[in-house]
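Chain and residue survey
Letter by letter, the chains look like this.
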Amino acid sequence: MLYANPANEIQKLENQMYEIYQKITILRGDSAPQEVKNYTFQTETGDVSLLDLFAGKETLFLIHNMGQGCRYCTMWADGLNGFVDHLESEFAFAMVSKDSATEQRRFSNDRGWRFRMASHNGGQYIKDQTVVVGESNAPGIVCYVRKGEKIFRKNSAAFGPGDQYCSFWNIISLAGIDDSWVAQFSYWKRPQKLDDGGVGVNP
C-alpha cells in the first residue's frame, strides 16, 4: 500500500510502538519475581556467586553473552559498554558467557570493555536461567532483584537483530537497511599495497 506522505505513516507507527513499550514497562513492573538459587561463576580471581555480582546493590542486570565466537554478541557488548557508568550509578551490571575467565579477560581487554565478567562454563546456571526456552547458550539480559540473601528473577529478554537493546539497528533502519547487514569483529581492510612492506601482517 502506498501512502501520500510516508513520513506521516512512520510517525503513526512510532507512536504506536511507544505506547506498546509503555504498556510492556508496566507489565514488567507488575511481574511476579521468581526465586532462584545462588549460582557460582568463575573469574580470574576465583569463584563468585550470583549474590556477589549484586555488589551490594538491590538490582542486577546480567548479560548472557554467547562468547567470543559470536560477532553479534560482541557488537551488543560494545554498545552496552557505553552505558556502564550510567547503569552502575544505581544498579549492578555484569556479563557472563561460556568462555573461560582467562579467555574473557583477554577478549574484553582487546575490545575495551569496562564491565565485570564471569564464566558460567556452560553449566547449570545457563541451563536453568536461559532467556530462550530450550536454548542453553542464547544471548540476552536478565534482571535480578534481591531481598536480603534471597535472589529473584524479575524479567528477561532475548537479544537479536532489530531488538531494543542494540541501538545500531534503529540507526541503520533510517537508511532503509534491515537485519541483512552482517556484523564483523573488525572492519579494517588490508590495502593492496602496504607502505611498510606488509611483512607479518595477517590477511
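Quick look at the structure, then. (Residues numbered from 1 in each chain as written. Predicted model: local features only at pLDDT ≥ 70, side-chain atom pairs only at ≥ 80, totals over all residues. Heavy atoms only, no water.)

**Concerning the packing of aromatic side chains**
By convention here, two paired aromatic rings are described through the distance between centres and the angle between planes. For the structure shown, the criterion picks out 15 aromatic pairs. A ring pair is formed by Tyr 39 and Tyr 125, whose centres lie 5.2 Å apart and whose planes are at 85 degrees; its orientation type is edge-to-face. Here Tyr 39, found in the loop between β1 (34–36) and β2 (40–43), pairs with Tyr 125, found in helix α6 (residues 124–128); they are 86 residues apart in sequence, far enough to count as distant. Note on Tyr 39: relative accessible area 7%, which makes it buried. Members of the aromatic cluster, each reached through a chain of ring pairs, are Tyr 72, Trp 76, Phe 159, Tyr 165, Phe 168, Trp 169 and Trp 181. (Phe/Tyr/Trp six-rings, centres within 6.5 Å; stacked < 30°, edge-to-face > 60°. Helix = DSSP H or I, 4+ residues; strand = E, 2+ residues; numbered from the N terminus. Buried < 20%, exposed > 50% of the residue type's maximum accessible area, 1.4 Å probe, protein only.)

**Notes on empty space enclosed by the protein**
Taken as a whole and judged by the stated rule, the model has two cavities of 30 Å³ or more. The calculated volume of the largest cavity comes to roughly 40 Å³. Contributing to the lining of the largest cavity are Asn 65, Gly 67, Gln 68, Met 95, Ser 97, Asp 99, Gln 104, Phe 107, Trp 113 and Met 117. Elements supplying a minimum of two residues to the lining of the largest cavity: β5 (92–97) and α5 (101–111). Along the lines of polarity and charge, the residues of the lining of the largest cavity split into four nonpolar, five polar and one charged. In this model, the second largest cavity occupies a volume close to 30 Å³. Along its surface, the second largest cavity is lined by Ile 63, His 64, Asn 65, Cys 73, Trp 76, Ala 77, Leu 80, Met 95, Pro 139 and Phe 159. Secondary structure elements with two or more residues in the lining of the second largest cavity: β4 (59–64) and α3 (71–80). The element best represented in the lining of the second largest cavity is α3, accounting for four residues. (1 Å grid on protein atoms, 1.4 Å probe; cavity = no way out; pocket = protein on both sides within 12 Å on 5 of 7 lines; lining within 4 Å. Points joined across faces, edges and corners; volume = space filled by probe spheres on them. Nonpolar A, V, L, I, M, F, W, Y, C, P; charged D, E, K, R; others polar.)

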